[in-house]
Amino acid sequence: MEKLLRRGSDLFAWVGGIALVVMMLEISADVILRTLFNKPLPLTVEIVSFYYMVAVVFMPMALVEFTGHHISVNLVTQHLNKPAKLTVQFIAMTAALIYFALMTFQTGRQALESLEMHEYLMGAFALPTWPGRFTLPLGCGAYCLVLMVRLVQICRGVDIDAEFESDANLTEGA
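A quick note: this is a predicted structure, and the numbers were derived from the prediction, not measured.

With respect to the side chain of Asp30
In step 1: Of note, Asp30 is situated in helix α1 (residues 2-37).
In step 2: Assessed through its relative accessible area of 6%, Asp30 is described here as buried.

As structure tokens, this is what we get:
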């Protein structure tokens, strides 16, 4: 199960990375065309806002959690004994899971409503926005799955912070 989840997280991160590269290319082309020929690419701001930025932020979240690269501060928990530390980790992961599960549900509902309405923006061209609305619930849903795995690990007595610290020490030594 964890291997499958890791592969899915990797895939989502690749989607976010590809969105980042394509966004960079489109913005660069827009700037060049606007500066040299006074002909900007139409809908660049809208496409970046509704598609690329959401994918860049939300698609890699599961992988970032899976690999322990989220920003964390263990100023207090580093001084706790293992049972207390696991309790704090369990509470934090449960709170995060509840929050992102609600976010997944709400944004999924909004994405389905957007699909049903065939939502689009009118500008120089009509831009369908409903496909981009599914990125957020997909990314948050994948993040929820990783949080569930973390909760199971914590219930089994695995100190998540210690696991990531040992991984970081191995990579620094290489």
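There is more to say, and it comes next.
Quick notes on the packing of aromatic side chains
In step 1: Considering all chains together, one arrives at 2 aromatic pairs under this definition.
In step 2: A ring pair is formed by Phe100 and Tyr143, whose centres lie 4.7 Å apart and whose planes are at 85°; its orientation type is edge-to-face. On the criterion of sequence distance, the pair formed by Phe100 in helix α4 (residues 82-117) and Tyr143 in helix α6 (residues 135-155) is long-range, its members being 43 residues apart. Summarising the burial analysis for this pair, Phe100 and Tyr143 share the class buried.
In step 3: By the ring-pair criterion, three or more aromatic residues cluster together here, those being Tyr99, Phe100 and Tyr143.
In step 4: Between the NZ or CZ atom of Arg150 and the centre of the ring of Phe66, over which it lies, the distance is 5.6 Å.

Focus on unusual backbone geometry
A negative phi angle is the norm for most residues apart from glycine, just as the trans form is the norm for most peptide bonds.
In step 1: Even without being a glycine, Asn38 presents a positive backbone phi close to 55°.
In step 2: Inspection of the secondary structure puts Asn38 in the loop between α1 and α2 (44-58).
In step 3: Residue Asn38 is classed as exposed on the basis of its relative accessible area, which comes to 62%.
In step 4: Even without being glycine, His118 reaches a positive phi, approximately 50°.
In step 5: Mapped onto the fold, His118 is located in the loop between α4 and β1 (120-122).
In step 6: You can call His118 exposed: its relative accessible area is 52%.

Focus on the packing of α4 against α6
In step 1: α6 packs onto α4 with a crossing angle of 160° between their chain directions and a minimal axis gap of 8 Å. When the axes of α4 and α6 are compared, the pair comes out roughly antiparallel. Read as a crossing pair, α4 and α6 show a hand that is left-handed.
In step 2: For the contact of α4 with α6, a count of residues per class yields 19 nonpolar, 6 polar and 1 charged.

Overview of the packing of α1 against α6
In step 1: Between α1 and α6, the shortest axis-to-axis distance is 11 Å and the interhelical angle comes to 150°. Viewed along their axes, α1 and α6 form a crossing whose handedness is left-handed. Of the residues in α6, those in contact with Glu2, Leu5, Ser9 and Phe12 of α1 are Leu138, Gly139, Ala142, Leu145, Val146, Val149 and Gln153.
In step 2: When its residues are assigned to classes, the contact of α1 with α6 shows 7 nonpolar, 3 polar and 1 charged.

Some details on the environment of Leu63
In step 1: Turning to its location among the elements, Leu63 is positioned in helix α3 (residues 61-66).
In step 2: Residue classification places Leu63 among the buried positions, given a relative accessible area of 17%.
In step 3: For the pair Leu63 and Trp14, spaced 49 residues apart in the sequence, the C-alpha separation amounts to 9.9 Å.
In step 4: For Leu63, the residues in contact, after removing those within four places along its chain, are Arg6, Ser9, Asp10 and Ala13.

Quick notes on the rules
Residues numbered from 1 in each chain as written. Predicted model: local features only at pLDDT ≥ 70, side-chain atom pairs only at ≥ 80, totals over all residues. Heavy atoms only, no water. Helix = DSSP H or I, 4+ residues; strand = E, 2+ residues; numbered from the N terminus. Buried < 20%, exposed > 50% of the residue type's maximum accessible area, 1.4 Å probe, protein only. Phe/Tyr/Trp six-rings, centres within 6.5 Å; stacked < 30°, edge-to-face > 60°. Lys NZ or Arg CZ within 6 Å of the ring centre and 35° of its normal. Axes fitted to C-alpha atoms, helices over the stretch in contact; angles between N-to-C directions. Parallel < 35°, antiparallel > 145°, perpendicular 65-115°, else oblique. Left-handed = near helix turned anticlockwise from the far one by under 90°. Nonpolar A, V, L, I, M, F, W, Y, C, P; charged D, E, K, R; others polar. Contact = heavy atoms within 4.5 Å.

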